[in-house]
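Structural characterization, general
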Amino acid sequence: MAGVQEREPPDVTRPAGISNIEVVTQNFDAAADRIGLEDDLRAVFRGSYREVQVQIPVRLSDGRVRVYHGYRVQHNGARGPYKGGLRYHHEVDLDEVRALASLMTWKTAIVGVPFGGAKGGVNCPAHELEPAQIEAITRQLVDKLDQTIGPHRDIAAPDMNTNAQVMAWMMDEWAKLHGHEPAVVTGKPISLGGSYGRENATGRGLVYCFREAAPQLRMTPAETRIVVQGFGNVGSWAARIAHDLGCRIVGVADASGAISAQQGLDPAALRRHLDEGGTLTEFPGAERISGEEFLALECEVFIPAALGGLIHRDNADLLNCRLVLEGANTPTTPAADAILRDKGIHVVPDVLANAGGVVVSYFEWVQNLQNFRWTEREVNDRLGTSMRRAFREVSVRARDQDVPLRLAAYQLGIERVVEAARTRGYV
Ligand SMILES: NC(=O)c1ccc[n+]([C@@H]2O[C@H](COP(=O)([O-])OP(=O)(O)OC[C@H]3O[C@@H](n4cnc5c(N)ncnc54)[C@H](O)[C@@H]3O)[C@@H](O)[C@H]2O)c1
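These figures come from a predicted structure and were not determined experimentally. (Residues numbered from 1 in each chain as written. Predicted model: local features only at pLDDT ≥ 70, side-chain atom pairs only at ≥ 80, totals over all residues. Heavy atoms only, no water.)

**Considerations on the overall build of the chain**
Our working rule: Strands are runs of DSSP state E lasting at least two residues, helices are runs of H or I lasting at least four, and both sets are numbered from the N terminus onward. Under the scheme applied here, a residue whose accessible area is under 20% of the maximum for its type counts as buried, over 50% as exposed, and between as partly exposed, the area being computed with a 1.4 Å probe on protein chains only. Contacts between residues were defined by any pair of non-hydrogen atoms, one from each residue, lying within 4.5 Å.
Along the chain, the regular secondary structure elements total 14 helices and twelve strands. With the C-alpha coordinates of the chain rotated into their principal frame, the extents come out at 55 × 55 × 45 Å. Taking all 427 residues of the chain together, 59% fall into the buried category. For the chain, contacts bridging at least 24 residues in sequence account for 69% of all contacts bridging at least 6.

Next comes the structure, spelled out in structure tokens:
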């Protein structure tokens, strides 16, 4: 299939002029071509099984009512209950949620957890809203998705601008309608049945992937400089865990700007600085740099952990690293992927690299269903086992077929989902 062309992005540090759904569809088609997936089956997996859109009116502090849209897309449930995060962001729309739901289908299959793929979102400007308004939006969303979600139907988790508190409100609202059932969401606070290790699982999973990839690329933690784009849950935990391993964090960007520190910065101190109300660019001991300088920072590992589409046709050539570990979903467009490949930069794709979150979400769900809590050590060890196995299976496929890890990962994921759907008689 001819690739979808990227439109002109506004500047090199803004997302690409190609949507998440176009990126996911191109990646899916490339893998479907390689495994020779028939056109009729392709049509099933290119679309979603169920898409729900609800209206969420909220009264703001100025007394006006503002109407937001809430979405839940269930892409495919052949391998188990639907599973996927919930994103609050003013740019959320149905196409973005569709793309992220489809990614979840392949991701759960690649790491071997028995879930299907789903995603949800509300197009609200989360940073401008009071906690009480976020709570009201969350409770309305659960009421309106009452028949769509459930512990054996569709289980939500945090994503951009949602957190353990939002999951606690979801669980509480669900309990009013159906009785106490913590397994309806994952990523909950520990006090409400959350799992040890869930909060940092995605970042930890990224570091497990780094540990697998490093020997193949002759890298050692002590000689590894890391640049992190996005310093929220995923980026800040990946930075802290990699720093503990001995890596040097030499650049960080968030929505407010970018900094560099060739001698390395302490990501735990940076997290505290931000939590106490400081801004990234005022962090002591680091130099404020432009978005373009940030992308061009010399390092071994670049970790995109913010929005989709931030590495695209017009800025991929700036990257000055040996390995991209995709913490964010769809951070690299297909055109950028090709540019990175030509530059000899390896990419551990989102569907593998950031799967640690859904793996530990699965562990949390299992613990909730068993009413039994594992220790943090058990959770982290089991996460390591899952990530190592997935990384090795994808690497073997990539090596045997001489294809990039992304293509190999999608092929494995699609094959597993198609097999489950066929065996169940769904297709
Ligand atoms: N939270 C999880 O468990 C999880 C799991 C898998 C994938 N992801 C993906 O990881 C990404 C980040 O998720 P999160 O939960 O860490 O979100 P978050 O809201 O905690 O953090 C997002 C970070 O990105 C920064 N950011 C936003 N726009 C930016 C820009 N243009 N340039 C640089 N930084 C920018 C924000 O300032 C913030 O630091 C998303 O793509 C999400 O889908 C998250």
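**So, the UniProt feature "binding site: substrate" (unreviewed entry) in the chain**
Put simply, the rule reads: UniProt positions are given in the numbering used here, feature names are shortened, and annotations may be inferred rather than shown by experiment.
Per the UniProt record, "binding site: substrate" (unreviewed entry) is annotated on K83, K107 and S361. Across 279 residues, the annotated set stays spatially compact, with a maximum C-alpha separation of 12.8 Å. Mapping K83 onto the fold places it in strand β3 (residues 82-88). Residue classification places K107 among the buried positions, given a relative accessible area of 4%. Once residues lying within four places of it in the same chain are set aside, the contact partners of K107 are N329, D350, V351, N354, A355 and V358.

**A closer look at the packing of aromatic side chains**
This is how it is decided: Between rings of Phe, Tyr and Trp, where Trp is taken as its six-membered ring, a pair exists when centres lie within 6.5 Å; planes separated by under 30 degrees are stacked, by over 60 edge-to-face, and by other angles tilted. Charge-over-ring contacts are defined here by two conditions on Lys NZ or Arg CZ: a distance within 6 Å of the ring centre and an angle within 35 degrees of the ring normal.
Counting across every chain of the model gives ten aromatic pairs. Between Y49 and Y82 the ring centres are 6.3 Å apart and the planes differ by 10°, which places this aromatic pair in the stacked class. Taken as a pair, Y49 in the loop between α2 (39-46) and β1 (50-59) and Y82 in strand β3 lie far apart in primary sequence, 33 residues in all. Its relative accessible area of 43% is what places Y49 among the partly exposed residues. Sitting over the face of the ring of W374, R382 holds its NZ or CZ atom 4.2 Å from the ring centroid.

**Topic: the pairing of strand β7 (residues 248-254)**
To keep it simple, the criterion reads: Any two strands with at least two DSSP-identified bridges between them are counted as paired. Orienting the strands away from the viewer, one traces the path from the first strand over the helix to the second; a clockwise path indicates a right-handed crossover.
The buried count for β7 comes to five of seven residues, which makes it a mostly enclosed element. In this sheet, β7 lies alongside strand β6 (residues 225-229) in parallel orientation, the contact comprising five bridges. Among the inter-strand pairings, V228 is bridged to a residue of β7, identified as V252. Taking the sense of rotation as the criterion, the β-α-β connection linking β6, helix α7 (residues 233-245) and β7 turns out right-handed. For β7 and strand β8 (residues 257-265), the ladder comprises five bridges, and the chain directions are antiparallel. Note that in β8 the partner of I249 across the bridge is L265.

**Notes on helix α3 (residues 94-111)**
Defined as follows: Expected helix span is taken as 1.5 Å per residue step, with the number of steps being one fewer than the number of residues.
The first and last C-alpha atoms of α3 sit 26 Å apart over 18 residues, in line with the 26 Å expected at 1.5 Å per residue. Counting buried residues in α3 gives 15 out of 18 residues, a clear majority hidden from the surface. Taken from the residues just after α3, G112 is the one with a positive phi, measuring 75°.

**Re the site of the ligand**
The condition that has to hold: For each residue, the test is whether any non-hydrogen atom lies within 4 Å of the molecule or strand; if one does, the residue is near. N or O atoms within 3.5 Å of each other form a polar contact, as long as, within protein, one can give a hydrogen and the other can take it, and as long as residues adjacent in sequence are counted only when both atoms are side-chain atoms. Polar here means any residue outside two lists: the nonpolar Ala, Val, Leu, Ile, Met, Phe, Trp, Tyr, Cys and Pro, and the charged Asp, Glu, Lys and Arg; Gly therefore counts as polar. The source of the domain bounds is an automatic or database domain assignment.
Surveying the vicinity of the ligand reveals 22 residues, the closest of which are R87, D159, T202, A306 and N329. Within the backbone of F231, an N or O atom sits 3.0 Å from an oxygen atom of the ligand. Interatomic distance of 2.9 Å between a backbone N/O atom of A255 and an oxygen atom of the ligand. Along the lines of polarity and charge, the residues of the shell around the ligand split into nine nonpolar, nine polar and four charged. Here the shell around the ligand gathers at least three residues from each of two domains, domain 1 (20-184) and domain 2 (201-353).

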